[in-house]
Every structure is written in structure tokens, then in C-alpha cells.
Amino acid sequence: MGKQRRGGRDLNGILLLDKSQGVTSNGALQMAKKMFAAAKAGHTGSLDPLATGMLPICFGEATKFSQFLLDADKRYRVTAQLGVATETGDADGEVRETRSVNVTEGQVAEALERFLGDIEQIPSMYSAIKHQGTPLYKLAREGITVERQPRPVTIHEIKDVRLEEGDRVDFEVACSKGTYVRSLVEDLGEALGCGGHVAALRRLSAGPYPAERMLTLEQLGEIKAEGGFEALDELLLPLSTSVADWPRVQLAESAAHYLRQGQPVMTSDRPLDGWVSIYEASTDTFMGVGEVLEDGRIAPRRLVSG
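Scoring rules and cut-offs
Residues numbered from 1 in each chain as written. Predicted model: local features only at pLDDT ≥ 70, side-chain atom pairs only at ≥ 80, totals over all residues. Heavy atoms only, no water. Helix = DSSP H or I, 4+ residues; strand = E, 2+ residues; numbered from the N terminus. Buried < 20%, exposed > 50% of the residue type's maximum accessible area, 1.4 Å probe, protein only. Contact = heavy atoms within 4.5 Å. Areas by Shrake-Rupley, 256 points an atom, 1.4 Å probe, with all protein chains shown as cover. Lys, Arg positive; Asp, Glu negative; His and termini not counted. Charge placed at Lys NZ, Arg CZ, Asp CG, Glu CD. Salt bridge = Lys/Arg side-chain N within 4 Å of Asp/Glu carboxyl O. Phe/Tyr/Trp six-rings, centres within 6.5 Å; stacked < 30°, edge-to-face > 60°. Lys NZ or Arg CZ within 6 Å of the ring centre and 35° of its normal. Pairing = 2+ DSSP bridges. Disulfide = S-S within 2.5 Å. Axes fitted to C-alpha atoms, helices over the stretch in contact; angles between N-to-C directions. Nonpolar A, V, L, I, M, F, W, Y, C, P; charged D, E, K, R; others polar.

Here the focus is the overall build of the protein chain. Counting its secondary structure elements, the protein chain contains 7 helices and 18 strands. Dimensions of the protein chain along its principal axes, counting C-alpha atoms only, are 70 × 50 × 40 Å. When each of the 306 residues of the protein chain is scored for burial, the buried share is 49%. Sequence separation of at least 24 residues holds for 66% of the intrachain contacts in the protein chain that already meet a minimum separation of 6. In the form shown here, the protein chain has an accessible surface area of approximately 15300 Å², with 46% of it arising from carbon and sulfur atoms. Here the protein chain carries 35 positive and 44 negative side-chain charges, and the mean point of each set is 7 Å from the other.

Right under this line is the structure:
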């Protein structure tokens, strides 16, 4: 169980929260933080209020590794409404234009295939990207539109494409960090000549975490009512899971000591380059992450305290 201290309990771990519709990501974070009575917490990538699904919550030391989950690939289930374009690109926005829809499921699938691989997207004005320090969505709400540069993203997979009732498209997409699904749907609508917006969106996975491990705030409340903080704490995943798919390096006790002092260390158990997850060999304890330098030494980048 996490240690109690002024301002909250000293927790370390990752919670896979299933965010509900109509709640902001920060709102969901604050509710989870309060439920766990945690001293420190952060989330790993915003979901719009319209969207549901996986929102990893990092408690305590896990916040040091949240950036790696922000940078991780994501998978979504999408429902696109064709024939209606909105100001925001989703169902929460005002209708901007309506057009007739006359497409087949095959035409939709063919159009979606054009977006597979490395592509460039122009971010929505209703995204959190900043322009001169101000988020675009704040400018958009003031009626201000600014030029946005295309950004490279990767669409890894699009599958299970279904056309329902002639104008609603369901599909699953796996994509890189920085991908805006609303932009993908708007581009799909333009490719089909009818426009479109996101009617529903559910994040199925983020990085190494599968949908099966998600829990809603309601489920967490029931678990807490039955077993208290002890039952809640058992749901937290170890910090190491945030980089579970990284190359793993084991350090001898002496090398681990120097690494904790901030010094690069040499070990034969390492890849030639890139980032690595680091463990102390004698105890199999996760120490944090580091980067392989040109001379072969491993430099500490983010380490677990204590």
C-alpha cells in the first residue's frame, strides 16, 4: 500500500483507466487521483470528451516515464458520420456543411487504404498543438484560424471496415503518436466527396497496454468499496511496463551504483545504440531508462528514485 503523506499517498505505478464519454482527460485524472488519494499523478495523452477508452494514469515515480507512453503507438475504434462536416471535426461541433452520400463499402475501404503508411496530416484547429504559446483550440474558439504545417504520421493498420446505413463507417486504426483521428476522418470524407466527422471514438490500446486491463471509474469505486486502498493498489502496473518492449540491460552491482550517481557505465549486455530499460542484475530491480552513447557506455536518462 502507498505511504500516507501530507497532500496524499506516496504511490508508484500505472493505472489503465477506461475514460467515459463526456469527461475531459484532466477531469478523469483528477477523479482517479482523488479516488486513490495519490500525492502525484499525470495522464499520458489526452482524449477528447467525446472519446472513451484507454487513458493510462501515472502515479508518483511513473510520471517520469509518461512521455514514453505519449510517444507510443495507439489503436482506436472509430465511427465516422459521412455527409456532415462540423467545425471541430467531431460530433461536438457545429454543422458546417452537409452533402449527399452515395458510396459503397468497397469504395470506403479503397479510400481508407490510401492513408496507410507514412502520410502527412494538417492538424485540426481544435487540437492541443500550440501556436506562439497558445493551444490551437483556444484560438479556434475565438474565431481565429492560423496556418498549420503538415505533420508526418504513420498509419500502421486499418481493418474491420464496415458501412452501416449507407452513411456511417466503422473501422479500427492503429497509428503513430501525433495522429489525429478527426483529421483522418475529415480527409476520408473529402476523398469520398461527401465530407464527414467523428461520431464516436474509443481508444483500444496505448503502447504495450491491451484493452482487457482497463477499468472505469465506476468499477474502481466498487473495488474500493469492497477492499479499500489495498485492493486499489493491487491494480497498479509496475513502472517497467511503460517500456516493456525496449531492449533490456542488466547491470552488476558496482555499475548500478555509479549509474545511480549519474555516471555513464560500460556493460557488455547492451545493444549497439538507442534507448534501453535498465535493471540491477542481483535483484532484478527496474532502475529506469538510459541511452547507449557512441563509445558504448550507457548514460542514465530517467531513473527511479530511492
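Let us keep going from here.
What follows concerns the pattern of salt bridges. Applying the stated rule across the entire model yields 17 salt bridges. Salt-bridge contacts for Asp48 lead to Arg182; the nearest nitrogen and oxygen are separated by 2.3 Å. Residue Asp48 is located in the loop between strand 4 (41-43) and strand 5 (52-59), and its partner Arg182 is located in helix 5 (residues 181-191); the two are separated by 134 residues in the primary sequence. According to the relative accessible area criterion, Arg182 is buried, its value standing at 9%.

Turning next to the packing of aromatic side chains. Applying the stated rule across the entire model yields 7 aromatic pairs. Where Phe65 meets Phe286, the ring centres are 5.6 Å apart and the plane angle is 55 degrees; that geometry is what we call tilted. Taken together, the residues Phe65 in the loop between strand 5 and helix 2 (66-70) and Phe286 in strand 17 (residues 285-292) connect sequence positions 221 residues apart. Phe286 shares its class with Phe65; the two are buried. Through successive ring pairs, a cluster of aromatic residues spans Phe65, Phe68, Trp246, Trp275, Tyr279 and Phe286. Just above the ring of Phe229 sits the side chain of Arg9; from NZ or CZ to the centre is 4.1 Å. In this structure, Arg248 is placed above the aromatic ring of Tyr279, and the distance from its NZ or CZ to the ring centre is 3.6 Å.

Here the focus is the environment of Pro238. Its place among the elements puts Pro238 in the loop between helix 6 (217-233) and strand 15 (248-251). With a relative accessible area of 48%, Pro238 lands in the partly exposed category. Each C-alpha atom of the pair Pro238 and Asn12 lies 7.8 Å from the other, and the pair is 226 residues apart in sequence.

We now examine the side chain of Ser205. Secondary-structure assignment places Ser205 in strand 14 (residues 196-206). For Ser205, a relative accessible area of 16% translates into the label buried. Contacts of Ser205, omitting those with residues within four sequence positions, involve Met54, Asp73, Lys74 and Arg75.

Where a strand is regular, its side chains alternate between the two sheet faces. Burial analysis of strand 3 (residues 13-19) places 7 of its 7 residues in the buried class, which makes it a mostly covered element. Across the two faces of strand 3 the burial is the same, with Gly13, Leu15, Leu17 and Lys19 and Ile14, Leu16 and Asp18 all buried. Of the pairings in the sheet, the one linking strand 3 to strand 5 comprises 7 bridges and is antiparallel in character. Bridging from a neighbouring strand, Leu15 pairs with Ile57 of strand 5.

This part covers unusual backbone geometry. In the Ramachandran plot, Ala37 falls in the positive-phi region, its phi being about 55 degrees despite a non-glycine side chain. Secondary-structure assignment places Ala37 in the loop between helix 1 (25-36) and strand 4. For Asp284, which is not a glycine, the phi torsion comes out positive at approximately 55 degrees. When you line up the elements, Asp284 lands in the loop between strand 16 (274-280) and strand 17.

The next point concerns the state of the cysteines. Counted according to the given criterion, the structure contains 0 disulfides. The thiol of Cys58 is unpaired, and the distance to the nearest cysteine sulfur, on Cys175, comes to 19 Å. Classification of Cys58 by relative accessible area gives buried; the value is 0%.

Further remarks concern the packing of helix 1 against helix 6. At a closest axis distance of 10 Å, the pairing of helix 1 and helix 6 adopts a crossing angle of 30 degrees. Counting all contacts with helix 1, which are made through Met31, Ala32, Lys34, Met35 and Phe36, the residues of helix 6 involved are Leu217, Leu220, Gly221, Lys224, Phe229, Leu232 and Asp233. Tallied by class, the residues present in the contact of helix 1 with helix 6 amount to 8 nonpolar, 1 polar and 3 charged.

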